Structures are given as C-alpha cells and as structure tokens.
Amino acid sequence: MPRRSLLAATALLGSAAVLWAASPAPAAKAPAVPQRIVSINLCADQLVLALADRGQIAGLTKNATDREMSGEAAAARGIPLLSNSAEQILAIEPDLIIGMPASRSSALAALPQQDYRLLDLDTANSLDEIHTSIGQTAAAVGHPARGDALIARMQRELAGLPKPGQGRVAAYYQRRGYMTGTGTLIDELMARVGLVNLAGKLGKPPLSQLSLEEMVAAQPDFLIVESATDTVIDQGSEMLHHPALKDIPRISLPQAWTVCGSPAYTQAARSMADQIMRLGRKPS
C-alpha cells in the first residue's frame, strides 16, 4: 500500500476508535420482572402488596401501614416507607414506579432526568375500574396470572350478593358534615346493595357538606359512617353523635375498605349487605 494511503487508513481507524470511546454505553434494559418496585400512592400500595412478591417491593408510601387507611396495612409492615422524597427514590434506583398517576408526582419532577419505568393508574371508582387496575398492576410487576386469580376471587365473593337496600336512601356522612356523592366508589357500592345515594337525590357534587339540620330534614333511611367515628374521637366526629341523628340506622365501614379502589371492595359490599339485613327489611 502506498505510504499516503496507509497514513489515511490509520487516521480513519484512529478517529473511529475515538468516536467509539466517546459514545455512551447502551442503557441496561430493565428486567422483565422488576426487582425494585416503588409505590408513590396509597391506593397503588395496596395493589402492589396484593400482587408482587415481597422481595420485589423497595418502597411504599408513609401511610401503607396505617390500618385506618389501607386494607393491606398488615402486609406492609417491615417494608421501607417513603416520605415523597426525591432523594429516597433516587437512592433506591427503582426499576418500576407505580402511582395514580406516577407521572404527575412532585417527587419525580424533582429528580434528575432519568428514564424510570412508570405505571400510571387511573383512580378506580367502580368494580370494573378496580379490575382494570389489578390487571395493569399484575402485568407490570410480572405476575399477570395473580391478577386474573384475584379478579376471579372477587367475582366469586360478589356472586349472588343480595340487594337488601330495596331502594331505600342512604347518606355517606363523614366528619364535619361531609357527604359523598355520585360517581364515587361508595356510590357504586350503595347501588350494588340496593341503596339510593341521598347526595344524588339532592343533586350534590361528589363531595359536599350537609348541615345537621339539612340531614335531619332529608330523613335518609340509613347513615353510612366510617367505623373510626363510631365513638366521638374529635370535634369533627362529634356532630355524627348528635341526638337528632340517633334514630337513623347506621352502617359502619372501615375507611380502609372504601378510600381506594382495591380488593377490599368485596369486604365492603358484603359487610354493607349483612348490616342492612341485620337492621331489618323495608316495611311492606
């Protein structure tokens, strides 16, 4: 080879070597089954706990072990709890982040630009939407068959559920007079057991306040209350024990069963039906 050609070839090879060395290494692919899952939402916590292996879960929200807030609180014990801190998430180096939705998390927004795998779940306000969230979560954590099995179990638990409400009216009444309206999970639960939501009859939005006087005037057949307010525990719950409400039959449910669209839906539905039947059928 002529000397000039040899020098040109050597230069080209040297340039290619420099370009290769300067190019970033290809990003490592996330494993098919994630091993460092982080949940940044209370409702996502419960789905992750129900569907992932314990060893896959690297972090949950700070309320995950609160029995009044989470239907999976016992299962969450011993798992690291996060305080919506970007630094905590960064230290974990998660290979899957789940939230409702994860992409709008303020903690993630504060992180350096990194290609985290996210699962954005929609808020579930009906049984069908719960089933959708279960299927999406089960697939994302690498256990789709568990999702199918959980959905099938929930369907069995609801099979043949009676509607003892018989069209009677109920109000989901909370601390400080807040009432839950239509288009919500508790509204769907009421319909499932044959109750009519007072908020719908009054044309109220999904969340409104109804004074004690207004509730007495509306004369619902039932009040549905959080079991934590069965006794007076603070000023906010005191009004629920006013003498003017004492003659309205009560259905008591743990908030943990209704605050999220989760597998606890079936427990809430069955408990509501059982309590209505114990309180008595509609007078003929």
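What comes next concerns the included structure. Since we're looking at a predicted model, the values are computed, not measured.

**Side note on the state of the cysteines**
Overall, the coordinates contain 1 disulfide when judged by the stated rule. Put simply, Cys43 and Cys260 are joined by a disulfide, and their sulfur atoms are 2.0 Å apart. Its S-S torsion of about -80° marks the bond between Cys43 and Cys260 as left-handed, since a negative value means left-handed. A residue pair is termed long-range when its members are at least 10 positions apart, and Cys43 in helix α2 (residues 42-51) and Cys260 in the loop between β11 (250-253) and α12 (265-279) qualify at 217 residues. The burial state of Cys43 is the same as that of Cys260; both residues are buried.

**Side note on unusual backbone geometry**
Going from Met100 to Pro101, the amide bond is cis rather than trans, its omega being -15°. As for its position among the elements, Pro101 is in the loop between β4 (96-99) and α5 (106-109). In this model, Arg176 sits at a positive phi of 60°, which is unusual for a non-glycine residue. The backbone of Gln219 sits at a positive phi, close to 50°, despite the residue not being glycine. By the secondary structure assignment, Gln219 is in the loop between α10 (212-218) and β10 (222-226). Overall, Gln219 belongs to the exposed group, its relative accessible area being 63%.

**Quick word on the nonpolar core**
The tendency in soluble globular proteins is for nonpolar side chains to be buried side by side. Formed by 50 residues in total, the largest nonpolar core has its most connected members in Ile98, Ile134, Met190, Leu195, Ile224, Tyr265 and Met272. No other element matches the 7 residues that α2 contributes to this core. Non-local contacts of Tyr265, meaning those with residues more than four positions away in its chain, are made with Leu127, Ile130, Met154, Leu158, Leu185, Glu188, Leu189, Arg192 and Trp257. Tyr173, Leu198, Ala199 and Ile248 belong to the second-largest nonpolar core, a separate cluster that totals 14 residues.

**A word on helix α8 (residues 185-192)**
In terms of burial, α8 is a largely internal element, 6 of the 8 residues being buried. Among all positions in α8, only Leu185, Ile186, Asp187, Glu188, Leu189 and Met190 are buried. After α8 finishes, the residue Gly194 shows a positive phi value of roughly 85°.

**Topic: the side chain of Gln56**
Among the structural elements, Gln56 can be located in the loop between α2 and β2 (57-61). Exposure remark for Gln56: the relative accessible area of 2% places this residue in the buried category. Among the polar contacts listed, one links the side chain of Gln56 to the backbone nitrogen of Asp53, at a separation of 2.8 Å. If we ignore the near neighbours within four places in the chain, the residues touching Gln56 are Val33, Pro34, Gln35, Arg36, Ile37, Val141 and His143.

**Observations regarding the pattern of salt bridges**
Side-chain pairs of opposite charge can arise whenever the charged atoms involved come near each other. Using the criterion set out here, one finds 6 salt bridges in the structure. Where Arg153 meets Glu157, a salt bridge forms, and the shortest distance between an N and an O atom there is 3.3 Å. A residue pair is termed a helical-turn pair when its members lie 3 or 4 positions apart in one helix, as Arg153 and Glu157 do in helix α7 (residues 144-158) at 4 residues. Accessibility expressed as a relative area gives 35% for Arg153, which makes it partly exposed.

**Section: the pairing of strand β6 (residues 169-172)**
A two-sided burial pattern is seen for β6, the buried positions comprising Val169 and Ala171 on one face and Ala170 and Tyr172 on the other. The pairing of β6 with strand β8 (residues 196-197) spans 2 bridges and is classified as parallel. Residue pairing across strands places Val169 opposite Val196, the latter belonging to β8. Where β6 and β10 come together, 3 bridges link them in parallel fashion. Directly across from Ala170, in β10, lies its bridge partner Phe222.

**Regarding the environment of Val193**
Looking at the secondary structure, you find Val193 in the loop between α8 and β8. A relative accessible area of 0% means that Val193 is categorised as buried. Through-space distance from the C-alpha of Val193 to that of Gln166 is 8.2 Å; in sequence the pair is 27 residues apart. Among residues more than four places away in sequence, those in contact with Val193 are Leu161, Pro162, Lys163, Pro164, Gly165, Ala269, Met272, Ala273 and Ile276.

Procedures and definitions
- Residues numbered from 1 in each chain as written.
- Predicted model: local features only at pLDDT ≥ 70, side-chain atom pairs only at ≥ 80, totals over all residues.
- Heavy atoms only, no water.
- Disulfide = S-S within 2.5 Å.
- Helix = DSSP H or I, 4+ residues; strand = E, 2+ residues; numbered from the N terminus.
- Buried < 20%, exposed > 50% of the residue type's maximum accessible area, 1.4 Å probe, protein only.
- Core = buried A, V, L, I, M, F, W, Y, C linked by side-chain atoms within 4.5 Å.
- Contact = heavy atoms within 4.5 Å.
- Polar contact = N/O pair within 3.5 Å; in protein donor to acceptor, adjacent residues only side chain to side chain.
- Salt bridge = Lys/Arg side-chain N within 4 Å of Asp/Glu carboxyl O.
- Pairing = 2+ DSSP bridges.

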